[in-house]
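Report on the structure
Each chain, written out:
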Amino acid sequence: MRDFLTRLPKVELHLHIEGTLEPELMFALAERNGVTLPYASVEEVHAAYDFSDLQSFLDLYYQGMSVLQTARDFHDLAMAYFRRAHAEGVVHVEMHFDPQAHLVRGVGLAVVMEGLSLACREAERELGLSTALIMAFLRDRDADEAMWVLEQASPYWEMLDAVGLDSAELGNPPEAFSEVFERARRLGIPRVAHAGEEGPPEYIRNALDRLDVCRIDHGVRCLEDPALVARLRDEQVVLTVCPLSNLRLRVVERLEEHPLPRMLAEGLNVTLNSDDPAYFGGGMLANFLACKRAFGWGKETFRRLAGNAIEAAFVDEARRQEWR
Ligand code: HPA
Ligand code: ZN
């Protein structure tokens, strides 16, 4: 099964590139940039990654990315991830990045875009790995700032495959960003949003109705609302589920209790993704294998899940055909 799952062409729709920062690279970049980290060793970093909820993770996630300062750093971060993903049989990566998390540290959007776009071109050329960019707004910062970031990104609008919404969900409902997402819609930029990870089903509904998103990132709490489940099934809304993330952020206490099998049984359009692999215990293959262990799924189920992601990717039909 490991061979089968490795060879299965896997498309990753929900990944935060800053969440791919492995402790080894974090130390190397800290040294290169003269940044002091609050850890003495890689082991200390791993020990610190004992999260109780989304916020406890986000605190370390934002702290870790302090080592990312130059375009070269963003390039090296992304290339290191692309090489690992490629080795696991990932054929396409759609990555969120968080401009505001860098702007507040004095690292401008041009630096981020230069590094990431260089890595994307290199991945295509050297690995045959295709990529897409999702510029995410931080929902725990205000909507005016998000609008400002979207305007600042005008030189890069053509390069954006989508905009997204991430960071601390509870108390930060999607509708606060309706004007920003309406602006993106008028620019012709597709939209996705995190919803229903820790937040209630209502956030999923409002992301669909008020932000006009084409995918929901996570969405696992939809099962609490049967009418919403019926709608998600009828409209075949793509849900980018991240099992190991949900486990490590204590959305579920054990993977065996994860709602994925029920979501599949409900006929929902589910995909498997890694979210922040450096923080949550592994990339795409680790997530697929963890599902195999927890749910005992056969090859057909994994083919279906991988197929859902192929159909939902921001790529053209010719590309899709190569992976089917
Ligand atoms: N949820 C919300 N925001 C995030 C996440 C996540 O899982 N990872 C990085 N930013
Ligand atoms: Zn996420």
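These numbers come from a predicted model, not from an experiment. (Residues numbered from 1 in each chain as written. Chains lettered and ligands numbered in written order. Predicted model: local features only at pLDDT ≥ 70, side-chain atom pairs only at ≥ 80, totals over all residues.)

At their nearest, the axes of helix 5 (residues 71-87) and helix 7 (residues 109-127) sit 7 Å apart, and the two run at 30 degrees to each other. The way helix 5 lies across helix 7 gives a crossing that is right-handed. Residue-level contacts link Ala-71, Arg-72, Asp-73, Phe-74, His-75, Ala-78, Met-79, Phe-82 and His-86 of helix 5 to Val-111, Val-112, Glu-114, Gly-115, Leu-116, Leu-118, Ala-119, Glu-122, Ala-123 and Leu-127 of helix 7. Classifying every residue of the contact of helix 5 with helix 7 gives twelve nonpolar, three polar and four charged. (Axes fitted to C-alpha atoms, helices over the stretch in contact; angles between N-to-C directions. Helix = DSSP H or I, 4+ residues; strand = E, 2+ residues; numbered from the N terminus. Left-handed = near helix turned anticlockwise from the far one by under 90°. Contact = placed C-beta atoms within 7 Å. Nonpolar A, V, L, I, M, F, W, Y, C, P; charged D, E, K, R; others polar.)

In this section: the sheet that holds strand 1 (residues 10-16). The strand order across the open sheet formed by four strands is 1-2-3-4, and the pairing between neighbours is parallel. Two strands close off the open sheet at either side, each with one partner strand: strand 1 and strand 4 (162-166). Averaged over all pairs of adjacent strands, the angle between strand axes in this sheet comes to 30 degrees, irrespective of strand direction. Of the strand pairs in this sheet, strand 3 (residues 130-138) and strand 4 are connected by five bridges, and their pairing is parallel. From the neighbouring strand, Leu-138 faces strand 4, where its bridge partner is Asp-166. (Pairing = 2+ DSSP bridges.)

Further remarks concern the packing of helix 8 (residues 143-152) against helix 9 (residues 178-186). Running from N to C, helix 8 and helix 9 point in directions that differ by 20 degrees, and their axes come no closer than 8 Å. As summarised for this structure, helix 8 and helix 9 are arranged roughly parallel, according to the angle between their axes. Considering how the two elements wind past one another, helix 8 and helix 9 form a crossing that is right-handed. Contact residues: helix 8 offers Ala-143, Ala-146, Met-147 and Leu-150, while helix 9 offers Glu-179, Val-180, Arg-183 and Ala-184. When the residues that make up the contact of helix 8 with helix 9 are grouped by side-chain class, the tally is six nonpolar, no polar and two charged. (Parallel < 35°, antiparallel > 145°, perpendicular 65-115°, else oblique.)

What follows deals with the site of ligand 1. Around ligand 1, a shell composed of His-16, Gly-19, Leu-54, Tyr-61, Asp-166, Ser-167, His-194, Glu-197, Ser-245, Asp-275 and Asp-276 is seen. Of the residues contributing to the shell around ligand 1, the split by class is two nonpolar, five polar and four charged. (Near = placed C-beta within 6 Å.)

So, about the environment of Ile-134. Inspection of the secondary structure assignment puts Ile-134 in strand 3. For Ile-134, a count of 27 C-beta atoms within 10 Å puts it in the buried group. Spatially, the C-alpha atom of Ile-134 lies 5.9 Å from that of Asp-161, the residues being 27 residues apart in sequence. Excluding its chain neighbours within four sequence positions, the residues that come into contact with Ile-134 are Glu-94, Met-95, His-96, Asp-161, Ala-162, Val-163, Gly-164 and Val-192. (Buried ≥ 20, exposed ≤ 12 C-beta atoms within 10 Å, placed from the backbone.)

Glancing now at the UniProt feature "binding site: substrate" (unreviewed entry) in the protein chain. With numbering matched to this structure, UniProt assigns "binding site: substrate" (unreviewed entry) to Asp-276. Here Asp-276 lies in the loop between strand 8 (269-272) and helix 14 (277-280). The contact partners of Asp-276, leaving out residues within four places of it in the chain, are His-16, Gly-19, Tyr-61 and Ser-245. (UniProt positions renumbered as here; feature names shortened; annotations may be inferred.)

Turning our eyes to something else, we now look at the pairing of strand 2 (residues 90-97). Of all eight residues in strand 2, eight are buried; the element is thus mostly enclosed. Pairing of strand 1 with strand 2 involves five bridges; the strand directions are parallel. Counted as the bridge partner of Lys-10 is Val-90 from strand 2. In terms of strand pairing, strand 2 meets strand 3 through six bridges, oriented parallel. Bridge pairing links Phe-97 to Met-135 in strand 3.

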